[in-house]
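# Examining the three-dimensional arrangement
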Amino acid sequence: MNQKEKKRMRSKPAIISYEKITRTKALINALTSFIVVILIWQVSIMIFPRFGSLFPTPYEVLVLLLRSFWIPIGQLTLIPHLLWTLKRIFIGYFVGATLGIGIGLAMGTSKTIYAIISPVFEIVRPIPAIAWIPMAILWFGTGETSKYFVVGFSTFVICALNSIAGARQTSPVLKGAAKMLGATDRQVFSKVILPSSIPQIFGGLQISLSANCSTILAAEMIRSEEGAGWMILRGMNTGNMTLVLVGLIVISVTGLILATVMRDIERRAISWHHRGR
């Protein structure tokens with residue numbers, strides 16, 4: 001390779017992928033909107049004194065948020081509070097998703113199972129997870145199990161609905177072709193129906209994970225002494241609006257991170273589908 005060719009190769013512009021450009025623009029837009037909200041918040045407090053008497057400044061919220069990393073709120077600092085919340089989310093989420101996906105695929109695949117379970121499911125489905133809190137207290141007491149139940153129910157309904165839709169949207173042509181080639185019902189399910197349902201299943205997992213970040217706030221108000229929901233309740237009971245906003249910020253940022261991680265897992269797991277692109 002002569003010197004001219006080496007020079008030409010060095011002078012070639014770097015190729016930046018479209019995906020990288022899109023992510024950078026999305027990050028810039030998100031930061032811009034966040035800064036705009038902070039500015040509107042601060043200006044509103046400066047212009048409207050009544051609003052300032054009800055709402056703390058962004059600086060006060062930031063100071064309490066940073067101090068909570070080493071100064072306890074109640075008995076715990078911020079990280080242990082957050083770990084308690086994540087534990088409740090993940091246990092309820094895992095149990096609810098496992099039951100929801102399993103029952104949903106069974107209902108979407110078998111008309112007999114659908115006919116048996118559907119009437120009860122359709123009665124229970126419209127009831128919000130928060131409305132089950134009194135029943136959860138009566139059944140499981142005020143311990144951790146009642147919180148797992150509330151979160152798990154929210155996950156179960158969403159995952160079951162998406163799994164039913166995914167199984168039913170499987171192409172009849174593909175199922176018929178598999179049977180013509182001698183596939184058994186079990187092979188048709190594992191090789192055709194299940195792969196076809198995976199995008200819908202991931203959609204249910206994504207939606208239910210985001211929904212659980214709001215459900216857990218209500219669940220942690222069931223006689224808790226730790227967690228982001230308890231922080232919000234503590235702030236409400238003591239008239240500490242700054243603590244309420246810190247709790248809301250913690251759970252919203254946690255939800256954003258969990259949703260981003262789930263989207264990345266989905267992108268890697270089903271890269272062949274448009275949802276994974």
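It should be emphasised that the depicted structure is a prediction, and the values quoted were computed from it without experimental measurement.

Definitions and cut-offs
- Per chain, the residues get numbers from 1 upward, laid out in the order the sequence is written.
- The predicted nature of this model means local features are confined to residues of pLDDT at least 70 and side-chain atom pairs, given and counted, to a pLDDT of 80 or more, with totals for whole chains, interfaces and linings taken over all residues.
- Water and hydrogen atoms play no part in the side-chain values, which are based on all heavy atoms of the structure.
- In the sections that follow, a salt bridge refers to a side-chain nitrogen of Lys or Arg positioned within 4 Å of a carboxyl oxygen of Asp or Glu.
- Secondary structure elements follow DSSP: runs of H or I no shorter than four residues count as helices, runs of E no shorter than two count as strands, and numbering proceeds from the N terminus.
- Whether a residue is buried, partly exposed or exposed follows from its accessible area with a 1.4 Å probe, protein chains only, as a fraction of its type maximum: under 20%, in between, or over 50%, in that order.
- Confidence scores per residue from the predictor, reported as pLDDT, run from 0 to 100.
- Patch definition: residues with relative accessible area over 30% and no salt bridge; like charges joined within 9 Å; nonpolar side chains (Val, Leu, Ile, Met, Phe, Trp, Tyr) joined within 5 Å.
- In these tables, accessible area is a Shrake-Rupley quantity obtained with a 1.4 Å probe, and a residue counts as shielded only by the protein chains included in the view.
- Grouping buried Ala, Val, Leu, Ile, Met, Phe, Trp, Tyr and Cys residues that are joined through side-chain atoms within 4.5 Å yields what is termed a nonpolar core.
- Two residues qualify as a contact provided that any one of their heavy atoms is within 4.5 Å of a heavy atom in the partner residue.
- To define axes, lines are fitted to C-alpha atoms, for helices over the stretch in contact only, and angles between the resulting N-to-C directions are given on a 0 to 180 degree scale.
- If an angle is under 35 degrees, it is roughly parallel; if it is over 145, roughly antiparallel; if it lies from 65 to 115, roughly perpendicular; otherwise it is oblique.
- The handedness criterion is simple: a crossing whose near helix is rotated anticlockwise from the far helix by less than a right angle is left-handed, and one whose near helix is rotated clockwise is right-handed.
- Gly is placed with the polar residues, together with every amino acid not listed as nonpolar (Ala, Val, Leu, Ile, Met, Phe, Trp, Tyr, Cys and Pro) or charged (Asp, Glu, Lys and Arg).
- Between 30 and 60 degrees the pair is tilted, below 30 it is stacked and above 60 it is edge-to-face, where a pair is any two Phe, Tyr or Trp rings, Trp via its six-membered ring, whose centres lie within 6.5 Å.
- Cation placement over rings: the criterion is NZ of Lys or CZ of Arg within 6 Å of the ring centroid and within 35° of the ring normal.

This paragraph deals with the pattern of salt bridges. Taken as a whole, this structure holds six salt bridges when the rule is applied. Between R88 and E144 there is a salt bridge; the shortest N-O distance is 2.8 Å. In this pair, R88 is assigned in helix α5 (residues 78-109) and E144 in helix α8 (residues 144-168), connecting sequence segments 56 residues apart. Residue classification places E144 among the partly exposed residues on the basis of a relative accessible area of 22%.

For the chain, the mean per-residue pLDDT works out to 84, and 90% of the residues sit at or above 70. At the level of individual helices and strands, the chain shows its lowest average pLDDT in helix α1 (residues 3-10), which scores 52, and its highest in α5, which scores 93.

This part takes up a nonpolar patch on the surface. Taken together, L62, L66, F69, W70, I71, I79 and L83 make up a surface patch of nonpolar side chains, about 690 Å² in accessible area. Of all elements in the fold, only α4 (58-67) and α5 reach the threshold of two or more residues within the nonpolar patch. Structurally, the position occupied by W70 is in the loop between α4 and α5. With a relative accessible area of 59%, W70 lands in the exposed category.

What follows is about the nonpolar core. By size, the foremost hydrophobic cluster in this structure holds 55 residues, and its most contacted members are L205, M231 and V250. Secondary-structure elements contributing two or more residues to this core are α2 (18-47), α4, α5, α7 (133-140), α8, α10 (185-219), α11 (228-238) and α12 (241-269). Here this core gets twelve residues from one element, more than from any other, and that element is α10. Leave out the neighbours within four places in its chain, and V250 touches L65, L78, L82 and A228.

Here we take up the packing of α5 against α12. Relative to each other, α5 and α12 sit at 50°, their axes nearing to 12 Å. One finds that α5 runs oblique with respect to α12. For the pair α5 and α12, the sense of crossing is right-handed. Between α5, through L78, L82, T85, L86, F90 and Y93, and α12, the contact on the second element is made entirely by V250, I251, T254, L258 and M262. Its residues placed into classes, the contact of α5 with α12 shows nine nonpolar, two polar and no charged.

As a further point, take the packing of aromatic side chains. Counted according to the given criterion, the structure contains nine aromatic pairs. Aromatic pair W41 and F55: ring centres 6.1 Å apart, planes at 80°, arrangement edge-to-face. A residue pair is termed long-range when its members are at least 10 positions apart, and W41 in helix α2 and F55 in the loop between α3 (49-54) and α4 qualify at 14 residues. Judged by relative accessible area, W41 falls into the buried class, the value being 16%. We classify F55 as partly exposed; its relative accessible area is 29%. A network of ring pairs unites the aromatic residues W132, W139, F140, F149 and F153 as a single cluster. One Lys or Arg, R168, reaches over the ring of Y114 and ends 4.1 Å from the middle of that ring.

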